[in-house]
Amino acid sequence: SASPTASPTASPTSGPSASPTASPTASPTTAPTASPSASPTASPTASPTANPSVSPTSSPIQYDCPGDAISDDGATDGHITVISNKGGLVKYISSNIKDYELCRIQTSSTDDTAEYCEDESAVAPGPYGVFTALCVDGYAYIRVFEDDINFSNEDGVENYPTMCKASTGFTTEYKYKVQCHYDCVDEETTCDEANNPLYAITFDETEDSFSGSGSLENNKFKICEIEDESFAYKNFEIPTGTKQVVLEFDLFEVDESLDVDIRLGDTWYDLAGAFGDGVFYRSQTDFPDHATVGYFNEAEGWIVSSSDTDNHVTITIPETVYNTTGFLLFGLQVTGGCMEIDDLMLSMNCEVPCPAPVLDTLSGEEFDRPTIEILEGNTETVTFAAIQGMSDLTLCTVAVSFKQPSDGSLYCPFQNSVAPGEIDQYEALCESDGYARVSMFVWDSCYSVDKSTAVTVPGECSFSPPSGYDDTQISRYNYRIPCETSCPDTTADTCEDDIKFYTSSDETILDVSLTEFGNTIPIPGAQQTEFVYLQFTTRGHDACRDQFLYRVGSYYFNPESIPSLSDPSLFEIDYYYIDDFDVTVEAITKSPDATSNTVTLKVPNVLFSDDDSPADGRLVFGMKFVPSEQCDSSCGVTVTSVEAWSTCTAGAGCSNEVVQSSETTDLLEGWEGDITKYEDYIGRLGMSEGSISLNIDDDVDTEFVEIELGVELDSTAASFEVEVLEAP
């Protein structure tokens, strides 16, 4: 057949009368030649029926907080360190990144108020200022200009800020930008003394230590005189809230004639100038010796020498030196030879500690209990208590050496058979640096053997150990006592009746290995206190109880009558007369249960109060074990607690007063419990609060008061006492 010769001359007059009977036999052979001419007329009618089948191939864009300052060449280790980045402001530290001091650095930017140009001269290596930059179009822009004779820039600086000091041929510019973030959270380190030491550098060969001049040699950092003005330095970041830092390091003299300068923050100090002549050991004649003290403005330092070449340096540095930038710059420079440093440590104090006695040097046993307590001080003298805190045992001899206020001569009192606890109180002369020097000497055949080097005992110390003694049995402790303190007195200044003001916190076991303990407590309102009650509670072997002595001041008491531990209802009373003061100490012994005893000492005022003494209001107490032949290593007692409370002196102007009377028992008030046992008695033998209340009537002219009590005793051996107390 053949195809039609021409197209139809007209369109069909109607549509097909039926649908096709079959689908096309094949797909189109080519794609459409054009896109749809219009968008869909409606949105989808339902959500997708399933989640995506795979994860995204890349993470969302993130940024680091607080971010970096990026220089023109893309570096991030330049002058600028970002410390805060939020709310459209960037807070940053600007630093001298050279190893030497620059003549000038200027830092320019715009903060939230105006454009600025901060100018610093003679800028040491490290941080020198904290500034703020405003974010503009997502970035903060900072310019740094360095001026120094080591630079050369004949072309000058383009677009030099008008508020900056004029540029010179020695000015170099550095440009930085910081991407701004608006939700960064500041992360700052705050002071926490539990993290001390803040820094500890031992200068081993692999450790990053100091910058600038100097080198690591033989596990020490060696610094020598050099021709240029560079120096050894390190910047320490100080946590927020640190009130004071303490810097310590060992200094070794390699050469004999040294001139050492140290830098704290912006300021150089001459070590010899601050400490005076004889800062090093070569000028000292005795070892161990006291520290030499010097001052660097508000910072205080001291040097202790231990040999011809070895010194330990300690410097306390106040927050004014580092609080501007949060960094402490410490530098060292030497002329006249070389020196070495080692074991550098920096610690922080979150509060400025109260001035306290400092143990400068020792030759003997180390201990962690106080042996010097400051009682009172001023610019000229300081009164202190000497304490035998070196040993739990009685020591043969303890001597205390210091200068007398009267004429500055050396005074060296001593005592023999010195028990643990306070020895005595003394007054010492203060020296020009604000400290009094005190030495304590200990001699005992069993104390610090082989731990004491030979020491020099001043001729004024006349104690004489037996002939043939080993000189290593004499120990020496050198203290430096601050003469003025600003610490508040935490002792209450008023007496409160029957209120416990002291309770010991630790148990003490007394036996053949530890035979004595002692302590000193301040008495609140000592001048208004008539008696102090000291109550010792012990737990131990019944057979050994009479071998324990109770100490008040320098007096020891042995309760002669002790009730049986099997009968908790019993008590005994003993009295001890002290001829020196014409007073009596009363001791009441009880057995609260089948395993323990209490001994309560009633201590009169004269044993702890002295108007003319700075030590007024201090009570020394203790307990001593005296083994007998019947006691062996199993004998002992545990002191579970020591408690103290007071009875206050009645007020002035007491006299007979008019009170009411009655023939009934209506006046008997508050008598608690069945008074058939000792603990229910009124007064010191028991804890009952029962009392007789008599009301004073000022309008009645009564000449006397009559009190009648009916008492029934449950034992013919029992007794009952009534004490009538007057009241103001």
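Residues numbered from 1 in each chain as written. Predicted model: local features only at pLDDT ≥ 70, side-chain atom pairs only at ≥ 80, totals over all residues. Heavy atoms only, no water.

## A closer look at the sheet that holds strand β33 (residues 516-522)
1) Next: With antiparallel pairing, the four strands of this open sheet are ordered in space as β33-β40-β35-β36. Bordering the open sheet on either side are β33 and β36 (555-557), each of which pairs with just one other strand. On average, each strand axis in the sheet is inclined to that of its neighbour by 20°, with strand direction left out of account.
2) Next: Pairing geometry for strand β35 (residues 548-552) and β36, over three bridges, is antiparallel. Each residue of the ladder has a partner; that of Arg551, found in β36, is Tyr556. (Pairing = 2+ DSSP bridges. Helix = DSSP H or I, 4+ residues; strand = E, 2+ residues; numbered from the N terminus. Axes fitted to C-alpha atoms, helices over the stretch in contact; angles between N-to-C directions.)

## Topic: the pairing of strand β3 (residues 89-96)
1) Next: With respect to burial, β3 is a largely interior element, six of its eight residues being buried.
2) Next: Pairing geometry for strand β2 (residues 80-86) and β3, over six bridges, is antiparallel. Residue pairing for β3: Val82 is matched across the bridge by Tyr92.
3) Next: Between β2 and β3, which pair antiparallel one after the other, the connecting turn spans two residues, and Gly87 there sits at a positive phi close to 65°.
4) Next: Summarising the sheet, β3 and strand β6 (residues 126-134) pair through eight bridges and their orientation is antiparallel. Paired with Ser94 across the two strands is Gly129, which belongs to β6. (Buried < 20%, exposed > 50% of the residue type's maximum accessible area, 1.4 Å probe, protein only.)

## Observations concerning the packing of aromatic side chains
1) Next: Applying the stated criterion across every chain yields a total of 25 aromatic pairs.
2) Next: Here the aromatic rings of Phe203 and Phe210 are separated by 5.9 Å at their centres, their planes lie at 50°, and the arrangement is tilted. Comparing Phe203 with Phe210, the two get one shared label, buried.
3) Next: Centre to centre, the rings of Phe210 and Phe330 are 6.2 Å apart; their planes meet at 85°, and the pair counts as edge-to-face. Of this pair, Phe210 sits in the loop between β9 (199-201) and β10 (211-212) while Phe330 sits in strand β20 (residues 327-335), and the two are 120 residues apart along the sequence. (Phe/Tyr/Trp six-rings, centres within 6.5 Å; stacked < 30°, edge-to-face > 60°.)

## Quick word on the pattern of salt bridges
1) Next: Within the structure shown, the criterion is met by 14 salt bridges.
2) Next: Here Arg437 makes a salt bridge to Glu431, at a shortest N to O gap of 3.8 Å.
3) Next: Owing to a relative accessible area of 13%, Arg437 belongs among the buried residues under this scheme.
4) Next: Across the salt bridge formed by Asp433 and Arg437, the nearest N and O atoms sit 2.9 Å from each other. Grouping residues by exposure puts Asp433 and Arg437 together as buried.
5) Next: When salt bridges with common partners are traced through the structure, they connect Lys403, Glu431, Asp433 and Arg437 into a single cluster. (Salt bridge = Lys/Arg side-chain N within 4 Å of Asp/Glu carboxyl O.)

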